[in-house]
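Residues per chain are reported as follows:
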Amino acid sequence: MKKIIIVGGGAAGMMAALTAAVNDNEIIIIEKNEKLGKKLFITGKGRCNVTNSCDLDQLFSNIMTNPKFMYSAFKSFDNRKLMDFFEEGGLRLKTERGGRVFPASDRSSDVIKNLESRLKAAGVRIMLNTRVRSLITEDGCFKGVVCQGTADKKMKELCADALIIATGGISYPSCGACPDGYELAGSIGHKIVSPLQGLVPFNIKGNECREMMGLTLKNVSVYVKKGDKKLCEEFGEMLFTHFGISGPVVLTLSMKLDRELLNDNMGLTAGIDLKPALDEETLDKRLIREFEKSPNRQLSNVCESLMPKALVPVCLSHAGLDGEQPVNGIDKKKRRKLLRTIKGLEFELVSLRGFSEAIITRGGINVKEINPKTMESRLCKNIYFAGEVMDVDALTGGFNLQIAWSSGMVAGKAAGEV
Ligand SMILES: Cc1cc2nc3c(=O)[nH]c(=O)nc-3n(C[C@H](O)[C@H](O)[C@H](O)COP(=O)(O)OP(=O)(O)OC[C@H]3O[C@@H](n4cnc5c(N)ncnc54)[C@H](O)[C@@H]3O)c2cc1C
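Residues numbered from 1 in each chain as written. Predicted model: local features only at pLDDT ≥ 70, side-chain atom pairs only at ≥ 80, totals over all residues.

**A word on the overall build of the protein chain**
1) Next: If you tally the helices and strands in the protein chain, you get 15 helices and 21 strands.
2) Next: Its C-alpha atoms give the protein chain principal-axis dimensions of about 85 × 40 × 40 Å.
3) Next: Scored against the burial criterion, the 418 residues of the protein chain give a buried share of 43%.
4) Next: Contacts in the protein chain between residues far apart in sequence, at least 24 positions, make up 72% of those at least 6 positions apart. (Helix = DSSP H or I, 4+ residues; strand = E, 2+ residues; numbered from the N terminus. Buried ≥ 20, exposed ≤ 12 C-beta atoms within 10 Å, placed from the backbone. Contact = placed C-beta atoms within 7 Å.)

Listed below in structure tokens is the structure:
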């Protein structure tokens, strides 16, 4: 029988607790919020995209940072096993477009309720409104934690045989996210890969995006370039906002850019190909056809048949064309300018939005110092890690939660062994 403390009552912490609750182990979750799973509650727009039903290869290809580190964890507890875990535990699931798996009820609260009732059944003790402030170690071995009540500020020491740090990343501080996990790990010598906003929108220079705020573009291709070099490109849906650009494609792009470029993102351009299905030649023919159909119409009017109205003035201004000009006055050179702009409406990318809007945190505890088979620290015995606190991240689609479930399961199992 062991006493095991888990810091953080999110997805990773709850899964770790349930798995460690064997062999008569005494399990305590310490959570600084007033309830468990506060971030889980807002996932998937309140529906909680628990995982993805894809095959193992796809699972790995959606992990952006350190997929190899997750190999053992996914081998022992992959997305299929997670789905069984919930279904067999009484939570019905459904799979939607792109393999995204949700609770059948569409309620993230049902995922949390399911986990809570299982924690209760397993006899896991839950200390809410309590924050772990520091670790007690002796000769490179875990001994206990110092925690503090968030209301009364009283400090208390708790001894235990093992600790699982599942404190998450630092994005969405409104859900309790904070750098405590990095500080706790840092105190025993772990290196932290500096945190960076992930799955996050972009700030764009100037006011043009603000003018198109609310406009969603579907089936476009968005790319990011530095100078003339295209760095990455994604096809799908994007959205203009008061600060710049957002939407699924933009969030994905934010994960595909090297962190060095984002720390100093001067010189990055975001471009939108408004007609990705048409090559330049086909698009040119289409423009000629549109122009010939109504030669006396104003260019801006004709453009409205090619793109959403709100986009027309911006597109024409980028092309350096006068929208009031009749199309019969548009020569080949001008038509070329328009075509080029439709294939690449470009904006200067200023920065990423802040952590308060980032779905996940890139960076975290360097995985080189964690044993991937057990999630145990290589620097301090009996300390384990799970979830987003580690330098592992993924694209949208349920993959980030799968990282939390799988690593939580592995950490809980290893810590719980007697
Ligand atoms: C808006 C939004 C939507 C998302 N949607 C999805 C989705 O649909 N699918 C998906 O796969 N991923 C989604 N994610 C990402 C996913 O929520 C996270 O990757 C996942 O919750 C990480 O789980 P975790 O257990 O590692 O951390 P968290 O869920 O962040 O839990 C960490 C917990 O630790 C607690 N804590 C921190 N420090 C201390 C301390 N010192 N003492 C005590 N407690 C502490 C925190 O209060 C927190 O409750 C979304 C994220 C956001 C922000």
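**As for the environment of R107**
1) Next: Its place among the elements puts R107 in the loop between β6 (100–103) and α6 (108–121).
2) Next: Taking the number of C-beta atoms within 10 Å as the measure of exposure, R107 has 15 and is therefore partly exposed.

**Describing the domain arrangement of the protein chain**
1) Next: By domain assignment, the protein chain separates into domain 1 (3–196 + 361–416) and domain 2 (201–353).
2) Next: Facing the five residues of domain 1 at the interface are six residues of domain 2.
3) Next: Residue classes in the side of domain 1 that touches domain 2 are distributed as three nonpolar, one polar and one charged. (Domains from an automatic or database assignment. Nonpolar A, V, L, I, M, F, W, Y, C, P; charged D, E, K, R; others polar.)

**Comments concerning the packing of helix α13 (residues 312–319) against helix α14 (residues 332–343)**
The packing of two helices is summarised by the inter-axis angle and the distance between the axes.
1) Next: Interaxial distance between α13 and α14 falls to 9 Å at its minimum, and their mutual angle equals 120 degrees. With respect to their mutual orientation, α13 and α14 come out oblique. Judged by the sense of rotation from one axis to the other, the crossing of α13 with α14 is right-handed. Residues C315, H318 and A319 of α13 lie in contact with α14, whose contacting residues are K337, L338, T341 and I342. (Axes fitted to C-alpha atoms, helices over the stretch in contact; angles between N-to-C directions. Parallel < 35°, antiparallel > 145°, perpendicular 65-115°, else oblique. Left-handed = near helix turned anticlockwise from the far one by under 90°.)

**Observations regarding α14**
1) Next: Compared with an ideal rise of 1.5 Å per residue, which puts twelve residues at 16 Å, α14 spans 16 Å between its outermost C-alpha atoms and is within 8% of the ideal.
2) Next: Regarding α14, the residues found buried are L338, T341 and I342. End-on view of α14: buried residues confined to an arc of 100 degrees, all on one side of the axis. Opposite the packed face of α14, turned more than 90 degrees from it, sit the exposed residues K332 and K333.
3) Next: Contacts from the buried residues of α14 go to α11 (280–293), α13 and β18 (345–352). (Expected span 1.5 Å × (residues − 1). Arc of directions from axis to C-beta.)

**A closer look at the pairing of strand β8 (residues 130–138)**
1) Next: Bridge analysis of β8 against strand β9 (residues 141–149) gives eight bridges, and the strand direction is antiparallel. The residue of β9 that forms the bridge with S134 is V146.
2) Next: Between the end of β8 and the start of β9, which pair antiparallel, lie two residues, with D139 showing a positive phi angle near 50 degrees. (Pairing = 2+ DSSP bridges.)

**A few points about the site of the ligand**
1) Next: Close to the ligand lie 41 residues; G8, G10, G168, G176 and G387 are nearest.
2) Next: Looking at the shell around the ligand residue by residue, the class counts come to 18 nonpolar, 16 polar and seven charged. (Near = placed C-beta within 6 Å.)

**Section: the sheet that holds β6**
1) Next: Across the sheet, which stays open at both edges, the three strands sit in the order β3-β6-β5 with antiparallel pairing between neighbours. Two strands close off the open sheet at either side, each with one partner strand: β3 (51–52) and β5 (93–95).
2) Next: Judged from the three bridges that link them, β5 and β6 form a sheet pairing that is antiparallel. Looking at β6, one finds that K94 is bridged to F102.

**As for the pairing of strand β2 (residues 26–30)**
1) Next: Bridging between strand β1 (residues 3–7) and β2 involves five bridges; their strand directions are parallel. Paired with I5 across the bridge in β2 is I28.
2) Next: As a crossover connection, the stretch from β1 through helix α1 (residues 11–20) into β2 is right-handed.
3) Next: Where β2 lies against strand β7 (residues 125–127), three bridges are found, and the strand directions are parallel. Across the sheet, the residue bridging to I29 is I126, located in β7. (Right-handed = clockwise from strand over helix to strand, strands pointing away.)

**A few points about the nonpolar core**
1) Next: Counting residues in hydrophobic clusters, the biggest one holds 117 residues, and the most contacted among them are I6, A17, L163, I164 and Y384.
2) Next: No other element matches helix α15 (residues 399–416), which puts ten residues into this core.
3) Next: Two domains each donate at least three residues to this core, and these are domain 1 (3–196 + 361–416) and domain 2 (201–353).
4) Next: With near-sequence residues (within four places) excluded, Y384 lies in contact with A162, L163, I164, T374, M375, E376, S377, A411, A414 and A415. (Core = buried A, V, L, I, M, F, W, Y, C linked by C-beta atoms within 7 Å.)

**Side note on α15**
1) Next: Helix length check: α15, at 18 residues, gives a terminal C-alpha distance of 25 Å against a target of 26 Å (1.5 Å per residue), a fit within 8%.
2) Next: Burial of α15 is extensive: 17 of the 18 residues sit out of reach of the surface.

**Observations regarding unusual backbone geometry**
1) Next: For K45, which is not glycine, the phi torsion reads 55 degrees and is therefore positive.
2) Next: Note on K45: 9 C-beta atoms within 10 Å, which makes it exposed.
3) Next: Although it is not a glycine, N382 sits at a positive phi angle of roughly 70 degrees.
4) Next: Considering the arrangement of structural elements, one finds N382 in the loop between β19 (360–365) and β20 (383–385).

**Points about the sheet that holds β9**
Across a sheet, paired strands are connected by hydrogen bonds in the backbone, their directions being either parallel or antiparallel.
1) Next: Strand order in the open sheet made by the three strands is β8-β9-β10, with antiparallel pairing throughout. The open sheet has two edge strands, β8 and β10 (155–159), and neither has a second partner. Across the sheet, the mean angle from the axis of one strand to that of its neighbour is 25 degrees, orientation sign disregarded.
2) Next: With five bridges joining them, β9 and β10 adopt antiparallel strand pairing.

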